Amino acid sequence: MTSVFTIGLSGLQAAQAGLRVTSQNIANANTPGYVRAELQLTNAVTGGMGGVQIEGVRRAADMFLAKVTQQATGASAQAQARAETLDRAQALFGDPTDSTSLFTALDRVFAGFAEVSLDPGSTIRRASAADQIDRFFSTLNSTAQGLQDLIREVDSRIADTTARAQSYLETIAQLNVQIGMATVEGADATTAMNAIGLVLDDLAKVMDIRVTPARNGGVEVRTSVGLLLVGEGAGRLSHQPAIGDYTLHNHVQLIDASGASFPLDSALRTGELKGLIDSRDLDLKGMAEALGGFAAAVAEGFNVVHNENASAPAATSLAGRQTGLAATDRLNFTGESVIGLFDSAGVLVDRLTIDFDAGTVTRASNATSLSFINQIGPNGTDGLVDRLNTLLGAVGGGSATFTGGVLTLNGGTNGVTVQQSSTDPSDRAGRGFGHFFGLNDLIRRDDPGFYEVGASATDAHRLIGGRSMVFRVTDAAGAVAAERTVPIAGALAAAGSTWNDLITQLNATGTGGIGQFADVSFDATQGRMVITPKPGYGVELALDDTARQDNGVSVSALFGLSHIARASRAGEFSVRADIAGNPNNLSLSRPDLTAALNTRVLEAGDTRGAIALNAVRDMARPIPSAGLMGAQRTSLSTYAARFGGEIGRRAQQAEREATASTAVAEAAIDRRASVEGVSIDDELVMLTTYQQNYAASARVIQAATEMMDLLMRLGA
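Here's what I pulled together on the structure shown here. (Residues numbered from 1 in each chain as written. Predicted model: local features only at pLDDT ≥ 70, side-chain atom pairs only at ≥ 80, totals over all residues. Heavy atoms only, no water.)

This next bit is on the overall build of the protein chain. Summing up its helical and strand segments, the protein chain has 15 helices and 25 strands in all. For the protein chain, the C-alpha radius of gyration of 39 Å lies well beyond 27 Å, the compact-globule estimate for 716 residues. Based on the C-alpha atoms only, the size of the protein chain along its principal axes is roughly 155 × 60 × 35 Å. Counting only residues that meet the buried cut, the protein chain has 50% of its 716 residues in that class. (Helix = DSSP H or I, 4+ residues; strand = E, 2+ residues; numbered from the N terminus. Rg over C-alpha atoms; globule rule 2.2 N^0.38 Å. Buried < 20%, exposed > 50% of the residue type's maximum accessible area, 1.4 Å probe, protein only.)

Below, the discussion takes up the packing of helix 2 (residues 63-93) against helix 4 (residues 123-185). Where helix 2 contacts helix 4, the two axes come as close as 9 Å, and the packing angle between them is 165°. By the angle between their axes, helix 2 is roughly antiparallel relative to helix 4. For the pair helix 2 and helix 4, the sense of crossing is right-handed. In this structure, helix 2 uses Glu-84, Thr-85, Arg-88, Ala-89, Leu-92 and Phe-93 to contact helix 4, whose residues at the interface are Thr-143, Gly-146, Leu-147, Leu-150, Glu-153, Val-154 and Arg-157. For the contact of helix 2 with helix 4, the residue count by class is 6 nonpolar, 3 polar and 4 charged. (Axes fitted to C-alpha atoms, helices over the stretch in contact; angles between N-to-C directions. Parallel < 35°, antiparallel > 145°, perpendicular 65-115°, else oblique. Left-handed = near helix turned anticlockwise from the far one by under 90°. Contact = heavy atoms within 4.5 Å. Nonpolar A, V, L, I, M, F, W, Y, C, P; charged D, E, K, R; others polar.)

Taking every second residue as pointing to the same face, the buried face of strand 15 (residues 406-410) carries Leu-407 and Leu-409, while none of Val-406, Thr-408 and Asn-410 on the other face is buried. By the bridge criterion, 5 bridges tie strand 14 (residues 399-403) to strand 15 in an arrangement that is antiparallel. By the bridge assignment for strand 15, Ala-400 is matched with Leu-409. Count of turn residues in the strand 14/strand 15 antiparallel hairpin: 2 residues, of which Gly-404 carries a positive phi of about 60°. (Pairing = 2+ DSSP bridges.)

A separate point is the packing of helix 2 against helix 5 (residues 190-206). Helix 5 packs onto helix 2 with a crossing angle of 40° between their chain directions and a minimal axis gap of 7 Å. Considering the angle they form, helix 2 stands oblique to helix 5. Regarding helix 2 and helix 5, the two cross each other, and that crossing is right-handed. In contact with Gln-70, Thr-73, Gly-74 and Ala-77 of helix 2, helix 5 contributes Leu-200, Asp-201, Ala-204 and Lys-205. Residues that form the contact of helix 2 with helix 5 fall into these classes: 3 nonpolar, 3 polar and 2 charged.

This brings us to the nonpolar core. With 95 residues, the main nonpolar core has Phe-113, Phe-136, Met-207, Leu-291, Phe-294, Phe-302 and Phe-643 as its most contacted residues. In this structure Leu-291 touches Phe-93, Leu-102, Leu-140, Thr-143, Ala-144, Leu-147, Ala-570 and Phe-643, once residues within four positions along its chain are discounted. By size, the runner-up hydrophobic cluster in this structure holds 31 residues, among which are Leu-331, Phe-356, Val-416 and Leu-439. (Core = buried A, V, L, I, M, F, W, Y, C linked by side-chain atoms within 4.5 Å.)

As a further point, take the side chain of Arg-472. Within the secondary structure, Arg-472 sits in strand 18 (residues 468-475). Look past the residues within four positions of Arg-472 in its chain and what remains in contact with it is Leu-248, His-249, His-251, Val-480, Ala-482, Glu-483, Gly-538, Val-539, Glu-540 and Ala-542.

This paragraph deals with the sheet that holds strand 11 (residues 348-355). Within the open sheet, the 5 strands sit side by side as 13-12-11-10-16. Their pairing is antiparallel. Strands with a single pairing partner mark the edges of an open sheet, and in this sheet they are strand 13 (369-371) and strand 16 (415-420). Pairs of neighbouring strands in the sheet enclose a mean axial angle of 20°, with direction left out of account. Relative to strand 13, strand 12 (residues 360-363) runs antiparallel, the two being bridged by 3 bridges. When the sheet's bridge partners are listed, Thr-360 is paired in strand 13 with Ser-371.

Right, let's talk about helix 7 (residues 384-396) for a bit. Across its 13 residues, helix 7 extends 19 Å between first and last C-alpha, which sits within 8% of the 18 Å expected from 1.5 Å per residue. Listing the buried residues of helix 7 in full gives Leu-384, Val-385, Asp-386, Leu-388, Leu-391, Leu-392, Val-395 and Gly-396. Positive phi appears at Gly-397, one or two residues downstream of helix 7, with a value of about 75°. (Expected span 1.5 Å × (residues − 1).)

Another point: the sheet that holds strand 6 (residues 236-238). Read from one edge to the other, the open sheet built from 3 strands follows the order 6-7-8, with strand pairing classed as antiparallel. With one partner strand each, in any of the chains shown, strand 6 and strand 8 (261-263) form the two edges of the open sheet. For this sheet the average axis-to-axis angle between neighbouring strands, irrespective of direction, equals 25°. In terms of strand pairing, strand 6 meets strand 7 (residues 253-255) through 3 bridges, oriented antiparallel. By the bridge assignment, Ser-238 is partnered in strand 7 with Gln-253.

Glancing now at the environment of Leu-282. Relative to the elements of secondary structure, Leu-282 occurs in helix 6 (residues 272-306). Taking the C-alpha atoms as reference points, Leu-282 and Gly-627, separated by 345 residues in sequence, lie 9.1 Å from one another.

Taking 1.5 Å as the rise per residue, helix 6 with 35 residues should run 51 Å; its terminal C-alpha atoms sit 49 Å apart, in good agreement. Counting buried positions over the 35 residues of helix 6 gives 31, a clear majority of the element.

In this structure the tally under the stated criterion is 33 salt bridges. The partner of Arg-88 in a salt bridge is Glu-153, and the shortest N-O contact between them spans 2.5 Å. Taken together, the residues span a long stretch of sequence, with Arg-88 in helix 2 and Glu-153 in helix 4 at a distance of 65 residues. Put simply, Arg-548 and Asp-329 hold a salt bridge, and the shortest N to O gap is 2.9 Å. Of this pair, Arg-548 sits in the loop between strand 22 (537-544) and helix 10 (555-559) while Asp-329 sits in the loop between strand 9 (317-319) and strand 10 (336-342); the two residues are 219 residues apart in sequence, bridging distant segments of the chain. What makes Arg-548 buried here is its relative accessible area of 2%. (Salt bridge = Lys/Arg side-chain N within 4 Å of Asp/Glu carboxyl O.)

What follows is about the packing of aromatic side chains. Tallied over the entire structure, the rule returns 24 aromatic pairs. Arranged with centres 5.0 Å apart and planes meeting at 80°, the rings of Phe-136 and Phe-137 form a pair that is edge-to-face. Among the residues examined, Phe-137 registers a relative accessible area of 2% and is labelled buried. Ring geometry for Phe-517 against Tyr-537: centres 5.1 Å apart, planes inclined by 75°, an arrangement best described as edge-to-face. (Phe/Tyr/Trp six-rings, centres within 6.5 Å; stacked < 30°, edge-to-face > 60°.)

All right, on to the side chain of Arg-280 then. Tracing the backbone through its elements, the reader meets Arg-280 in helix 6. Non-local contacts of Arg-280, meaning those with residues more than four positions away in its chain, are made with Ile-151, Val-154, Asp-155, Ile-158, His-239, His-249, Asn-250, Asp-265 and Lys-285.

For the rest of this paragraph, the subject is unusual backbone geometry. Looking along the chain, the bond that leaves Ala-312 and enters Pro-313 is cis, with omega of 5°. Counting through the fold element by element, Pro-313 comes out in the loop between helix 6 and strand 9. A cis amide bond links Gly-377 with the next residue in sequence, Pro-378, at an omega value of 0°. Topologically, Pro-378 is positioned in the loop between strand 13 and helix 7. A positive phi angle, near 55°, is found at Arg-462, a position not held by glycine. By relative accessible area, Arg-462 is classed as partly exposed at 28%.

Rendered as structure tokens:
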């Protein structure tokens, strides 16, 4: 009889537990992240008779669906972060059809030159053309600054997201302790398990994770590549945002229990952090470099024409651009260039023809010919600048100087202009004499604007000793593999040390060079140093405080070896100061320097120079690769369209990927919810079942009680 009571009592207890679990499920049907609880019952044998035993309560969690959902939501968060960033970046460039966009501003520049070509003598039209150029570069500069502001904002978001991930790790570690204590005490741990599941879902949106059960009933969390995030305790995540524009950025660091630090960037595959890091280091970085290349291409397009033009009256002095070169560097020009000298009425009074192949400068008025060596000069007597100085001085008291990397031609009492020979144009790394030295540039920056400098590997590098270059090497996954510092010291600091000597040092293996990770060479065609990473590595010039003794230009600024040098160009070009201040200094005439001496060839009404400037729009030229834009030979109008199209294409692609990944994530969430979530209908059925079980168990006890009473009465 006792066994019957025991059986009934076990049924009552099981039914009560089932009612509690079911009521809990119903109460939390709409609670986000709640996983349905299930009562676990087994058969029990007491005194040879059956019964019910409560094994415990478990969550109806599906580990496979949880993993799939976390991966899907992580991919969605990654795509959303990237799409949002690219959408904002695209907005900086503006809608090509919008009057305020960067590309529309370039169209207005060409329209301004078209207007001025109708009447070059009109001060109003000249001022309007100069103003449109200035507005374009102001728009370009503000776009470049906007990109840098966005990069800094994304970098700050990375820090904030890292801090959020750290709080998740700490919460998981704390919940692990609670679950462990509940497991030891045999208590219900489902509430803590639900809480840890929610945090894991939130963490998976930030970064990809791999979750495995821990011995204490909690979980162990690692990155998908195996770095431990939560074990006995939580690892520490940190990120220090970089300061300033055009800079390399710090990695997200993971510090484990032993105090060892690992860069986490390369261990990420999905999640918001991955999306932000890719946006910063790939998308926005590529845009910034491409914008720098676009600025250089626009400047080059106008400068190549403006250097062939002349103002009317001609300027008496032409001060060139910063070339980054030293007077002792080789000329390395081929072909011919012509210097024309004019009186105030525009009459061609003399002509100097520079024949770089023959190494002579010839004065037309008296056939005087002076030889020069293959050196910029001055070297005292026979460098090119020496010879130009002699002949210019003889014509009208003029002069030629090369100081601090800048060539200046002064006509004295005469106006001066420089043009290419019509039959054998001069050439150094694809640029003519006047264009290369920027003697009549329309647009300038303080550092070199292009990196095809035409130098010789055997030229003395003339770098100041005690300075250095620091290279950051990354592996295929983006993790920092090494840092190498190459100092300008010892033999490299000696007088006469050449670019070849520097390249040899850079190609050294071990800590003194980067030869293990890259091949450093000298491109003789372009006259520049080139760093080509070896397969599986990335090499970035992280810090460069080198400077040439003659002009202070660094190696990276001269050859464009760093992201900083390449991208910063976008924010530094501007219209030449004297033209911005006085539009009459615009060179809109195209004098014929082949005309007979004492012929008037320079007039204010000449429209050929203005027409040539407007034709820059459709003039095909080679444009080097820059950031997300590959090398190509095309016109500025086509290049601008391709550039704008590439930015729009990437933004649209990112948006499509975000939409698709969100749909996949929602499907995974729905599928998981159908398995783990609460169905009110099913729970009501279970509630009814447990109520009936309770009533049946009660009847068993009641029947046993009545039987017991009857037996007692019979015994009486």
